[in-house]
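Results of the structural survey
Take a look at the letters that make up each chain.
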Amino acid sequence: MNPISNPGEFTELDRFMFESWGYLIIPNVLSEDEVKECLEASIRLHESEGAKGWAQVGKGYETESALERLIDHPAVLPKVRALYGERFILQSAWCTKQPAFGGVGGWHQDGSGAYEFSKLGYPIPLIQLRASFLLTDQSIPRTGNMEMIPGSHRSQVQLPGAIRTAKDDVPIGHVICAPSGSVLFFHNAVWHRTFTHDGDYDRYTMHYIYSPPWVRCSDRFENNQEFLDRTTSTRRYLMGQFARPDAPFGASYPAEFEKG
Ligand SMILES: O=C(O)CCC(=O)C(=O)O
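To start, this report covers the structure provided alongside it. Keep in mind that this is a model prediction, so the values were computed, not measured.

1. Side note on the overall build of the protein
Tallying secondary structure elements over the protein gives seven helices and nine strands in all. Compactness check: the protein gives a C-alpha radius of gyration of 18 Å against a globular reference of 18 Å for 260 residues, within 12% of the reference. Considered along the principal axes of its C-alpha atoms, the protein spans approximately 50 × 40 × 35 Å. Long-range contacts, defined as pairs at least 24 residues apart, comprise 83% of the intrachain contacts of the protein with a sequence gap of at least 6. Carbon and sulfur atoms provide 53% of the accessible area of the protein, an area that totals close to 12,300 Å². On the protein, the mean spot of the 25 positive side-chain charges and the mean spot of the 32 negative ones are 5 Å from each other.

Structure below.
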C-alpha cells in the first residue's frame, strides 16, 4: 500500500492522501540522465565540503546547476503551491549521504530544536514541507530508504522515548520503496527515520524544504549575491529575496512569487 501520486498537479486524491498519511510518493520525476547529473553533483558537493560519513550538506544549488534546477521543479512546485498558496520560500536544501552499509537513523519529526513545532499547537502545523529526490535506487528495503509512520503527523502523543533510544522498529513503520528519480513529499510532523542501507555504495538524497515566508532559513545566514544575480526571478523569490515595503511587520508580501 503506497500513497502514489503523479508529477505536477496536486489532485483532490493527493490532498486526501496527504492529509491522511502525511506524505506522497511521486515516481518518474527525474530521468536517468537527470539522476546521474544530480548524483554526480551531490558527490562533488560532499567532497568539496570534506564531509565524512553520514552527512547533510546545504546550499548545493549555489554551485551545482543540476541541484539548482530542482528548487522549482514542475513535478513538485504545483503541489507546494496547492498547500501553501502563493507565499512561501525555500527554507533550506540539504544533500544527505548515507555511507555504504549505513545503519538505521533515529526516529524524529522535523522542526527546530530551538523551538519545537509541537509547541505551536495541535495538529502540528505545516511549517517545513519537504520534497526529497531519491538519487540512488531505493526500490527494495534496506537500500537507505526513508521509513515513515503514516498518519503520525496527527498523533497527539510522542513516539515512546524507549523506542527512540533503542532505535527499535515499530509495527506501523512504512519503508518507502521507490526507484531513483522518485520524490518523497512530506509534512514536517510525520515521524520518520533513515532506514538501514546494506549496499556497498553511498546513498544520496536531495531534500528541498519549503516554508511560509516568515520562517528563518536554516542552510544559510544570507543569500549568496552571485547566485541571486544569475538565477531566475522565481528562484530569487524562493530564496526570500523580495521587497517588503513595510518591513519589519511582514504585511504586503508580493502575492505571486513569479512577480518577485
Ligand atoms: O536520510 C535522509 O536522507 C534524511 C534524514 C532525515 O530524516 C532528515 O533529514 O530529517
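2. A look at the sheet that holds strand β5 (residues 146–148)
Judged by pairing direction, the sheet is antiparallel, and its three strands sit side by side in the order β6-β5-β8 without closing on themselves. If you trace the sheet from one side to the other, it starts and ends with β6 (174–175) and β8 (192–194), each paired once. With two bridges joining them, β5 and β6 adopt antiparallel strand pairing. From the neighbouring strand, Met148 faces β6, where its bridge partner is His174.

3. Some points on the side chain of Asp110
Position of Asp110 relative to the elements: it lies in the loop between β3 (89–98) and β4 (129–134). The class of Asp110 is buried, set by a relative accessible area of 11%. A polar contact of 2.6 Å, which involves the side chain of Asp110, links it to the side chain of Arg130. At 3.3 Å, the side chain of Asp110 and the side chain of His192 are in polar contact. In this structure Asp110 touches Phe117, Gln128, Arg130, Phe186, Asn188 and His192, once residues within four positions along its chain are discounted.

4. A closer look at the environment of Ser152
Within the secondary structure layout, Ser152 lies in the loop between β5 and α5 (161–166). Measuring from C-alpha to C-alpha, the distance between Ser152 and Ala189 comes to 7.2 Å, with 37 residues separating the pair along the chain.

5. Description of the nonpolar core
Leu90, Phe133, Phe185, Met206, Tyr208 and Tyr210 are the most contacted members of the largest nonpolar core, which has 43 residues in total. Setting aside chain neighbours within four positions, we find Met206 in contact with Leu67, Leu70, Ala93, Trp94, Cys95, Ala131, Ser132, Phe133 and Leu135. In terms of nonpolar packing, the next biggest core, distinct from the first, is built from 10 residues, Tyr23, Met146, Met148 and Leu184 among them.

6. Remarks on the pattern of salt bridges
Counted under the stated rule, the structure contains 15 salt bridges. With a shortest N-O distance of 2.4 Å, Glu19 and Arg154 are connected by a salt bridge. Residue Glu19 is found in helix α1 (residues 12–21), and its partner Arg154 is found in the loop between β5 and α5; the two are separated by 135 residues along the sequence. Salt-bridge contacts for Asp198 lead to Arg142; the nearest nitrogen and oxygen are separated by 2.6 Å.

7. Observations regarding the sheet that holds strand β9 (residues 203–211)
Reading across the sheet, the six strands line up as β1-β7-β4-β9-β3-β2 and stay open at both edges, with antiparallel pairing between neighbours. The sheet is open, and its two edges are formed by β1 (23–26) and β2 (55–58), each paired on a single side. Taken over all neighbouring pairs, the strand axes of this sheet differ in orientation by 20 degrees on average, direction set aside. Contacting β2, β3 and β9, helix α2 (residues 32–48) crosses the sheet at an angle of about 85 degrees to β3. Lying on the sheet, helix α4 (residues 77–84) is in contact with β1, β4, β7 (183–186) and β9; it crosses β9 at an angle near 35 degrees.

8. Quick notes on the packing of aromatic side chains
A ring pair, where both rings are aromatic, is described by two values, the distance of the centres and the angle of the planes. Summed over all chains, the structure comprises seven aromatic pairs. Relative to Tyr208, the ring of Phe133 has its centre 5.5 Å away and its plane inclined at 80 degrees; by these criteria the two rings are edge-to-face. Of this pair, Phe133 sits in strand β4 while Tyr208 is found in strand β9, placing the two residues 75 residues apart along the sequence. We note that Phe133, like Tyr208, is buried. In this structure, Lys119 packs its charged tip against the face of Tyr115, placed 4.4 Å from the ring centre.

9. Some thoughts on the site of the ligand
Neighbouring residues of the ligand: Trp54, Gln56, Thr96, His108, Asp110, Arg130, Met146, His192, Thr194, Arg203 and His207. Side-chain polar atom of His108 to an oxygen atom of the ligand: 2.8 Å apart, as the coordinates give it. Here an oxygen atom of the ligand and a side-chain polar atom of Arg203 are 2.8 Å apart. Computed on the free molecule, the ligand has an accessible area of 300 Å², of which 94% lies beneath the protein chains in the complex. Residue assignment for the shell around the ligand shows that the elements contributing at least two residues are β8 and β9.

Scoring rules and cut-offs
Residues numbered from 1 in each chain as written. Predicted model: local features only at pLDDT ≥ 70, side-chain atom pairs only at ≥ 80, totals over all residues. Heavy atoms only, no water. Helix = DSSP H or I, 4+ residues; strand = E, 2+ residues; numbered from the N terminus. Rg over C-alpha atoms; globule rule 2.2 N^0.38 Å. Contact = heavy atoms within 4.5 Å. Areas by Shrake-Rupley, 256 points an atom, 1.4 Å probe, with all protein chains shown as cover. Lys, Arg positive; Asp, Glu negative; His and termini not counted. Charge placed at Lys NZ, Arg CZ, Asp CG, Glu CD. Pairing = 2+ DSSP bridges. Buried < 20%, exposed > 50% of the residue type's maximum accessible area, 1.4 Å probe, protein only. Polar contact = N/O pair within 3.5 Å; in protein donor to acceptor, adjacent residues only side chain to side chain. Core = buried A, V, L, I, M, F, W, Y, C linked by side-chain atoms within 4.5 Å. Salt bridge = Lys/Arg side-chain N within 4 Å of Asp/Glu carboxyl O. Axes fitted to C-alpha atoms, helices over the stretch in contact; angles between N-to-C directions. Phe/Tyr/Trp six-rings, centres within 6.5 Å; stacked < 30°, edge-to-face > 60°. Lys NZ or Arg CZ within 6 Å of the ring centre and 35° of its normal. Near = heavy atom within 4 Å.

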